[in-house]
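# A look at the structure
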Amino acid sequence: MFRLFLFLILCCTMVVSGSANAQNPNVKDSLLNLIDSLPDNEEKVMAMNSYTQFLIEDNDSLSEYYAGQLKALAENISYPLGIGRAYDKMAKVEKMKNNSSQAILYFDSALYFFELSEEKINEGITYNQKGIVSLNNNNYELAREQFTKAREIYADIADSSRLYHAFTNIGITYEMQGMHSTALDYYFKSLAINEATQNKEALASDYMSIGILFKRQLNLDKALDYQLKALRITEDNGDDYTKALVLTNLGVIYKDLEKYDEAMNAQEAAMVTFKKIGLHRGVMSNLHNIAMIHFKKGELQQA
């Protein structure tokens, strides 16, 4: 799941948790030791669930084996929530293998056991995951249906930390269908939540997304305003990845406003930031955009 930014910049806006393994290299070993030391009980199921999630986030081939072991353990002790989490992990493995149809079947099985366990949060997360699979298959109507179910659950349990994601994801389905005004409506719903909770990271993403859509609607002044709002946040919170995306977008907007010095400065600053974080496709995008600035100025040799 995914939003196309201006000039070859691709950013995922779905509900995906980043791997903690790089920051905690000993966590997996500790979990494995805990699994080995525990009898077959619910605590062991939860430990194995966490371990399998780490493997999935690391794209480890052992994730499929441990997802199966998790299911067998949870079934052996008749633990419905554990069985649901096992199916969730099995679905994520299939999703990782691009086997969408099997992933959906496993997510449906996970939903059954989450409903049986009255685990509303996990129900919402699972509907969201199903929506991502549908979105990846360009099935926007079905994706929207799943994201809407997730939104209804999050609203029902007053989970604002996930509700804004649901609004964003629904907006993405409209954006990818070219329905920019409707997409903006949902991005502004997400923005309202994040302004109320002062979720800075999410605010930067909201401002950037809104700015992109205003750019597509040729409303360059509003596009510039929202990208600058996003830039200020990324400079404050040290989010270099989003900062580089925003600078790239600013460079494109300044070019269209025929403010070529500002456009060049933004693209060069974005390129420096992309180099800093090692994202080479971002650097290539900036080089392309710099060439386009020279071309628009009539500097064909530099282009």
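Preceding this section is the structure that the text describes.
Read on for an overview of the structure. It should be emphasised that the depicted structure is a prediction, and the values quoted were computed from it without experimental measurement.

## A short note on the overall build of the chain
Counting its secondary structure elements, the chain contains 14 helices and 2 strands. Taking the principal axes of the C-alpha coordinates as reference, the chain spans close to 70 × 40 × 35 Å. For the chain, with 303 residues in total, the buried portion stands at 50%. A total accessible area of about 14300 Å² is found for the chain, and carbon and sulfur atoms account for 50% of it. Within the chain, one finds 30 positive and 39 negative side-chain charges whose respective centroids are separated by 5 Å.

## As for helix H11 (residues 220–237)
Look at H11: 26 Å from first C-alpha to last across 18 residues, which is about the 26 Å you get at 1.5 Å a residue. Among all positions in H11, only Leu220, Ala223, Leu224, Tyr226, Gln227, Ala230, Leu231, Ile233 and Thr234 are buried. Check the buried side of H11 and you find it contacts helix H9 (180–197), helix H10 (200–216) and helix H12 (240–256). Gly238 occupies a position one or two residues after H11 and carries a positive phi of about 70 degrees.

## Brief notes about the packing of aromatic side chains
Summed over the entire model, instances satisfying the criterion amount to 10 aromatic pairs. Ring geometry for Tyr87 versus Tyr106: centroids 6.0 Å apart, planes at 35 degrees, classification tilted. With Tyr87 in helix H4 (residues 80–96) and Tyr106 in helix H5 (residues 100–116), this residue pair connects regions lying 19 residues apart in the sequence. We classify Tyr87 as buried; its relative accessible area is 14%.

## Looking at the pattern of salt bridges
Here the structure, examined in full by the defined rule, presents 17 salt bridges. The salt bridge partner of Arg162 is Asp159, with a shortest N-O separation of 2.8 Å. A residue is classified by how much of its surface remains accessible, and Asp159, at 11% relative accessible area, is buried. A salt bridge links Lys276 to Asp240, with the shortest nitrogen-to-oxygen separation between them at 2.9 Å. With Lys276 in helix H13 (residues 260–277) and Asp240 in helix H12, this residue pair connects regions lying 36 residues apart in the sequence. It is possible to trace a salt-bridge network through shared partners that takes in Glu64, Glu94 and Lys97.

## Comments concerning the nonpolar core
Counting residues in hydrophobic clusters, the biggest one holds 56 residues, and the most contacted among them are Tyr207, Ile210 and Leu250. Among the elements that line this core, the one with the most residues is H10, at 9 residues. In contact with Leu250, other than residues within four places in its own chain, are Leu224, Gln227, Leu228, Leu231 and Ala266.

## Notes on H10
In an α-helix, one full turn covers 3.6 residues, which means residues spaced three or four apart are oriented alike. With 17 residues, H10 extends 25 Å between its outermost C-alpha atoms, agreeing within 8% with the 24 Å of an ideal straight helix rising 1.5 Å per residue. Once H10 ends, the next one or two residues include Leu218, with phi positive near 65 degrees.

The rules behind the values
Residues numbered from 1 in each chain as written. Predicted model: local features only at pLDDT ≥ 70, side-chain atom pairs only at ≥ 80, totals over all residues. Heavy atoms only, no water. Helix = DSSP H or I, 4+ residues; strand = E, 2+ residues; numbered from the N terminus. Buried < 20%, exposed > 50% of the residue type's maximum accessible area, 1.4 Å probe, protein only. Areas by Shrake-Rupley, 256 points an atom, 1.4 Å probe, with all protein chains shown as cover. Lys, Arg positive; Asp, Glu negative; His and termini not counted. Charge placed at Lys NZ, Arg CZ, Asp CG, Glu CD. Expected span 1.5 Å × (residues − 1). Contact = heavy atoms within 4.5 Å. Phe/Tyr/Trp six-rings, centres within 6.5 Å; stacked < 30°, edge-to-face > 60°. Salt bridge = Lys/Arg side-chain N within 4 Å of Asp/Glu carboxyl O. Core = buried A, V, L, I, M, F, W, Y, C linked by side-chain atoms within 4.5 Å.

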